[in-house]
Amino acid sequence: MNNRLLLKQTIGHFCVDATCAAMVIHGTSNLSFSLLFFVLYNFLAFCLQPLAGILLDKVKNIQPRDYIISSFILLLLGFIPEFNIWGRVLLVGIGNCLFHTGAGTIILTSSAHKMTPLGIFVSSGAVGLFLGSLFADYSACHIILILALLVLIFLNLNLPIKTKLPLRKAFSSWQIAFLLCLCIAIRSFMGFMPLTDFKKTPSVLLLITMGVFIGKSLGGILCDKWGIKPVVILTTILAMGLFLFSFHNPYLWTLVQMIVNLSMPITLYLMYKSMPSYPAFSFGLAASFLVVGLLATFAFKSVQIPSACFLILFVLNSGIILWSERKLK
């Protein structure tokens, strides 16, 4: 695909996630019901993506560019001083939803059936979330993000319009799509659950974030070079050897997070392949199941789950990916 197009959307993903993190953290610093604020934001940002996706797929006059530009404008409005806190979560939540759906559709349909662009695109979000959270209360951070969003509006004015997809079966398999959604929920659940007992200093969190970033970026590159099956089998074996020993060691945990996140571009690619006539909906559906993992975390947070269960979940995740890839060939 066009490297400049990929770079613009990857930088946009970084800025959008950094802005949303800064808004949510800054807005809830003195809010007693911050958990409700956080859940509402995630519902707006992720659960609305399938709806936004199906509209983008089906309505001829709606373009990915419209979603992306609207997203940047909504995020900029969120920076208005003394803006109502619930109005702010509405703006950034919907803004996040529109950007991910619009940009995700562009990357999916322009990637020429490659996973490398998907991996690179999604990877920048992890770094944006970390830095946005870390510098949420710094006015300089807000100024930089405002300027970046203004520049991104102009850079995205000339985005290509969506092209008519060739006629083909709308859904290759609902069962495969459902199982891939389960994979995404499992990965989200494993990411949110408090499994480790080492101290989470900013440097340790940065290390883990870089592991997630490298994993997502590398996943698509490795799969395009060697194929999904060998990459998934090798990484599953590596994870089985490291997983149970990583809860007390931030360096091993970083490596495990890198391995777990290698599957991110794979699931997005296979999801699109399972419903090739609905690229925006497939991307939005995948994103919405991140919230399922988050809700599962709240449900099981006080339950003592044996560490081996998480390893079993990861192996199940790998098995579903391998089965889905074989069925979709």
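Remember, it's a predicted structure, so these values are computed and weren't measured experimentally.

Draft legend 1. Representation of the overall build of the protein in the model. A tally of regular secondary structure across the protein gives 14 helices and zero strands. If you line up the protein on its principal axes, its C-alpha atoms span 50 × 50 × 30 Å. Relative to its 329 residues, the protein shows a buried fraction of 53%. Looking at the protein alone, contacts between residues at least 24 apart form 87% of all its contacts between residues at least 6 apart. Summed over its atoms, the accessible surface of the protein is roughly 15300 Å², and 71% of this surface lies on carbon and sulfur atoms. On the protein, the mean spot of the 22 positive side-chain charges and the mean spot of the 8 negative ones are 12 Å from each other.

Draft legend 2. Quick look at the packing of helix H4 (residues 64-77) against helix H7 (residues 139-155). In contact at an axis separation of 10 Å, H4 and H7 are set at 155° when each is read in the N-to-C sense. As judged from the angle between their axes, H4 and H7 are roughly antiparallel. In terms of crossing hand, the pair formed by H4 and H7 is left-handed. Only Ile-146, Leu-149, Leu-150, Leu-152 and Ile-153 of H7 make contact with H4, whose side of the interface consists of Ile-69, Phe-72, Ile-73, Leu-75 and Leu-76. In terms of residue class, the contact of H4 with H7 is built from ten nonpolar, no polar and no charged.

Draft legend 3. Layout of the side chain of Thr-235. Position of Thr-235 relative to the elements: it lies in helix H10 (residues 228-242). One polar contact links the side chain of Thr-235 to the main-chain carbonyl oxygen of Val-232, over a distance of 3.1 Å. If we ignore the near neighbours within four places in the chain, the residues touching Thr-235 are Ile-259, Leu-262 and Phe-314.

Draft legend 4. Expanded view of the environment of Ile-120. Within the element layout of this structure, Ile-120 appears in helix H6 (residues 116-134). Judged by its relative accessible area of 28%, Ile-120 is partly exposed. With 94 residues separating them in the primary sequence, Ile-120 and Ile-214 have C-alpha atoms 9.0 Å apart. Setting aside chain neighbours within four positions, we find Ile-120 in contact with Leu-6, Thr-10 and Ser-217.

Draft legend 5. Spotlight on the packing of aromatic side chains. Within this structure, the stated rule accounts for ten aromatic pairs. The interplanar angle of 80° and the centroid separation of 5.3 Å between the aromatic rings of Phe-243 and Phe-247 together place this pair among those described as edge-to-face. We note that Phe-243, like Phe-247, is buried. Taking the centre distance of 6.3 Å and the plane angle of 50° together, the rings of Phe-243 and Trp-253 count as tilted. You can see Phe-243 sitting in the loop between H10 and helix H11 (250-261) and its partner Trp-253 sitting in helix H11, a full ten residues away along the chain. In this structure, Phe-243 and Trp-253 share a single accessibility class: buried. Pairwise contacts between aromatic rings join Phe-72, Phe-99, Phe-121 and Phe-283 into one cluster.

Draft legend 6. Expanded view of the confidence of the model for the protein. Across the protein, the average pLDDT comes to 89, with 95% of residues at or above 70. Confidence scores differ between elements of the protein, with helix H2 (residues 34-47) showing the lowest mean pLDDT of 86 and H4 the highest of 96.

Draft legend 7. Region of interest: the environment of Val-122. Looking at the secondary structure, you find Val-122 in helix H6. Given a relative accessible area of 7%, Val-122 falls into the buried group. Taking the C-alpha atoms as reference points, Val-122 and Met-264, separated by 142 residues in sequence, lie 8.2 Å from one another. Contacts of Val-122, omitting those with residues within four sequence positions, involve His-13, Lys-216, Met-264 and Leu-268.

Draft legend 8. Expanded view of the state of the cysteines. On inspection of all chains with the given rule, the structure shows zero disulfides. Of all cysteine sulfurs, the one in Cys-141 lies closest to Cys-15, which takes part in no disulfide; the gap is 10 Å. Judged by relative accessible area, Cys-141 falls into the buried class, the value being 15%.

Draft legend 9. Quick look at the nonpolar core. Grouped together as the largest cluster of nonpolar side chains are 69 residues, with contacts concentrated most on Phe-72, Phe-121, Ile-228, Ile-266, Leu-270 and Met-271. Take this core: its biggest share by element is nine residues, from helix H1 (residues 3-27). In this structure, Leu-270 is in contact with Leu-180, Ile-228, Ile-321, Ser-324, Glu-325 and Leu-328, ignoring residues within four places of it in sequence. Grouped together as the second largest cluster of nonpolar side chains are 19 residues, Ile-186, Phe-189, Leu-242 and Val-256 included.

Conventions adopted
By convention here, each chain's residues receive numbers from 1 onward along its written sequence. The predicted origin of the model limits local features to residues at a pLDDT of at least 70 and limits the giving and counting of side-chain atom pairs to 80 or more, whereas totals for whole chains, interfaces and linings rest on all residues. To obtain the side-chain values, all non-hydrogen atoms of the structure were used and water was disregarded. By definition, any uninterrupted DSSP run of H or I lasting at least four residues is a helix, any uninterrupted run of E lasting at least two residues is a strand, and each is numbered from the N terminus. The classification of residues rests on relative accessible area computed with a 1.4 Å probe and restricted to protein chains. Under 20% of the type maximum is buried, over 50% is exposed, and intermediate values are partly exposed. Residue contacts are defined here by distance: any two heavy atoms, one from each residue, within 4.5 Å place the two residues in contact. Only the protein chains shown count as cover for residues, and all accessible areas are computed by the Shrake-Rupley method using a 1.4 Å probe. Under the convention used here, Asp and Glu are negative, Lys and Arg are positive, and both His and the chain ends fall outside the count. In this description, the location of a charge corresponds to atom NZ of lysine, CZ of arginine, CG of aspartate or CD of glutamate. Interaxial angles span 0 to 180 degrees and are taken between N-to-C directions of axes, which are lines fitted to C-alpha atoms, for helices over the stretch in contact. The labels follow the angle: roughly parallel below 35 degrees, roughly antiparallel above 145, roughly perpendicular from 65 to 115, and oblique for the rest. The sense of a crossing depends on the near helix, which, turned anticlockwise from the far helix by less than a right angle, makes the crossing left-handed and, turned clockwise, makes it right-handed. Charged means Asp, Glu, Lys or Arg here, nonpolar means Ala, Val, Leu, Ile, Met, Phe, Trp, Tyr, Cys or Pro, and polar covers whatever is left, Gly included. In the analysis that follows, any N or O atom pair within 3.5 Å is treated as a polar contact, provided that within protein one partner can donate a hydrogen and the other can accept it, and provided that, for residues neighboring in sequence, both atoms belong to side chains. Any two of the Phe, Tyr and Trp rings considered here, Trp counted by its six-membered ring, make a pair once their centres fall within 6.5 Å; the pair's planes then place it as stacked at under 30 degrees, edge-to-face at over 60, or tilted in between. The score called pLDDT rates the predictor's confidence residue by residue, from a low of 0 to a high of 100. Disulfide assignment relies on a single distance test, namely cysteine sulfur atoms paired within 2.5 Å. Throughout this description, the term nonpolar core refers to a set of buried Ala, Val, Leu, Ile, Met, Phe, Trp, Tyr and Cys residues connected via side-chain atoms within 4.5 Å.

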